[in-house]
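The chain contents come next:
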Amino acid sequence: MPKTGRSTPCRSTTRLIAFGFALIIMIGTLLLSLPIATKTGETNLLTSLFTATSATCVTGLVAADTYQNWTLFGQLVILCMIQVGGLGFMTIGVYISVLLKRRIGLQERATLHESVNTLEIAGVVRLVKKIVQGTFLIEGTGALLLATRFIPRFGIANGIYFSVFHAISAFCNGGFDLMGIDEAYSSLVSFEGDILVNVVICLLILIGGIGFIVWDDVLKHKWHFKKYLLHSKIVIVSTLGLTVAGTILFLVFENGATFAGMTPVQKLLGALFASVTPRTAGFNTVDTGAMSNAGMLLTMLLMFIGGSPGSTAGGAKTTTMVALVFYAAAMLRNREDINLFGRRLTADVVRKANAVVVINLSLAFCAACVIMTMQPTISMPDVIFEVLSAINTVGMTTGITRELGVFSKLIIAVLMYCGRLGSLSFALVF
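Residues numbered from 1 in each chain as written. Predicted model: local features only at pLDDT ≥ 70, side-chain atom pairs only at ≥ 80, totals over all residues. Heavy atoms only, no water.

Draft legend 1. Structural context of the overall build of the chain. From N to C terminus, the chain includes 18 helices and 2 strands. Per-residue burial for the chain yields a buried fraction of 53% across its 430 residues. If you take every contact in the chain between residues at least 6 apart in sequence, the share linking residues at least 24 apart comes to 71%. (Helix = DSSP H or I, 4+ residues; strand = E, 2+ residues; numbered from the N terminus. Buried < 20%, exposed > 50% of the residue type's maximum accessible area, 1.4 Å probe, protein only. Contact = heavy atoms within 4.5 Å.)

And the structure:
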């Protein structure tokens, strides 16, 4: 065991990553505080800090509408933070080093291994090349498809810019949008019946949320599912299951609520989008505050689960929840072994899964209690929705973000930061 006061390599790496994200947030805050960043020329340090944290932690909660408050300079700063926050600063830094033909040392590889959440250090630099190149290819493809809708509506210059912005924001599960050009805080509501926009955004969210390890595995083994890693099998099956089950449940829950008066196609698109976006993306095509109680509860559950390890998404992670569900099933059958796809899960996996869930719930509970104490006029469901959205880096809101006081916003900012690092990693920092 390490001596008291001495950090293990894992914790040192975690602290380095935590410091790196904090530094990016500080730089972003300073840039957004410049008069050139806002359309009024007036700066608000809290709004700048909140926005920088939300962008770097790829959350999407905003204290001011992205299009109406920030200039092109401010929007580009936000976009850069989304990209860096989604991929991770270590990933981008190492890729630049590779382009400059610099040698990547063992310490850098170990830090990168922790940052990307790979299963082993070997081949991590090669994986980084695939991650960055694959990211730009997917985002570029998404932007081209979105441009077919955005250019006719917003013009050539705005159409191209909006396409690139939303493709990056969707792939990185950022949740930021520029639809304030029509109406502030409207997200993608005006595209609720557009098949192409809905499907493209959903695909970008899902591809970004399944994780880089799964990409690599699929590229290696193509359609040979049996050859996939256990991790990849769990991620793919759980992602498909949650998406399909969520879509069906939202069709039932929201049929008489937010989907009332829609055509069958619009309802299906709305249900699919509502099932995908809580997995830490933050966009919405219907008014979140008008959802039924059952729809809100389902959304909170999906927000808590989130995406998959080593991805642009947050949340407790699909693998965590699968491990706990199968552990509970094994206990009910009085068995000690937990088997998935013919492989046995170790006790260490279950312990980590328990730790993540307990820490996430504890942070959310404490934050909700403090906010409700300081601002008792805000309803409990809205506060719980907000804190779950923050710690799971989702970005969905019932509309209370702008109503939060200074201290409440700082609490939400800390939750977003914890969510991006991972609750267990955040605890290890200390």
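Draft legend 2. Structural detail: empty space enclosed by the protein. A complete count under the given rule lists 2 cavities of 30 Å³ or more for this structure. There is about 70 Å³ of room inside the largest cavity. If you go around the largest cavity, the residues you meet are Gly270, Phe273, Ala274, Thr277, Pro278, Asn284, Thr285, Val286, Thr288, Met291, Thr299 and Met396. Here the lining of the largest cavity gets 3 residues from one element, more than from any other, and that element is helix H12 (residues 264-276). Of the residues contributing to the lining of the largest cavity, the split by class is 6 nonpolar, 6 polar and no charged. Here the second largest cavity is characterised by a volume of approximately 40 Å³. Looking at the second largest cavity, the residues that line it are Asn173, Ile205, Leu206, Gly209, Ile210, Thr239, Arg279 and Gly307. Its residues assigned to classes, the lining of the second largest cavity comprises 3 nonpolar, 4 polar and 1 charged. (1 Å grid on protein atoms, 1.4 Å probe; cavity = no way out; pocket = protein on both sides within 12 Å on 5 of 7 lines; lining within 4 Å. Points joined across faces, edges and corners; volume = space filled by probe spheres on them. Nonpolar A, V, L, I, M, F, W, Y, C, P; charged D, E, K, R; others polar.)

Draft legend 3. Molecular detail of helix H13 (residues 293-305). Under the 1.5 Å per step criterion, the end-to-end length of H13 is 19 Å for 13 residues, consistent within 8% with the ideal 18 Å. Here H13 has its buried residues at Gly295, Met296, Leu298, Thr299, Met300, Leu302, Met303, Phe304 and Ile305. Tucked inside the fold, the buried residues of H13 contact helix H11 (230-253), H12, helix H14 (318-332), helix H15 (347-374) and helix H16 (380-391). Looking one or two residues past H13, Gly306 carries a phi angle of roughly 70°, positive in sign. (Expected span 1.5 Å × (residues − 1).)

Nothing here speaks to function; it is all geometry.
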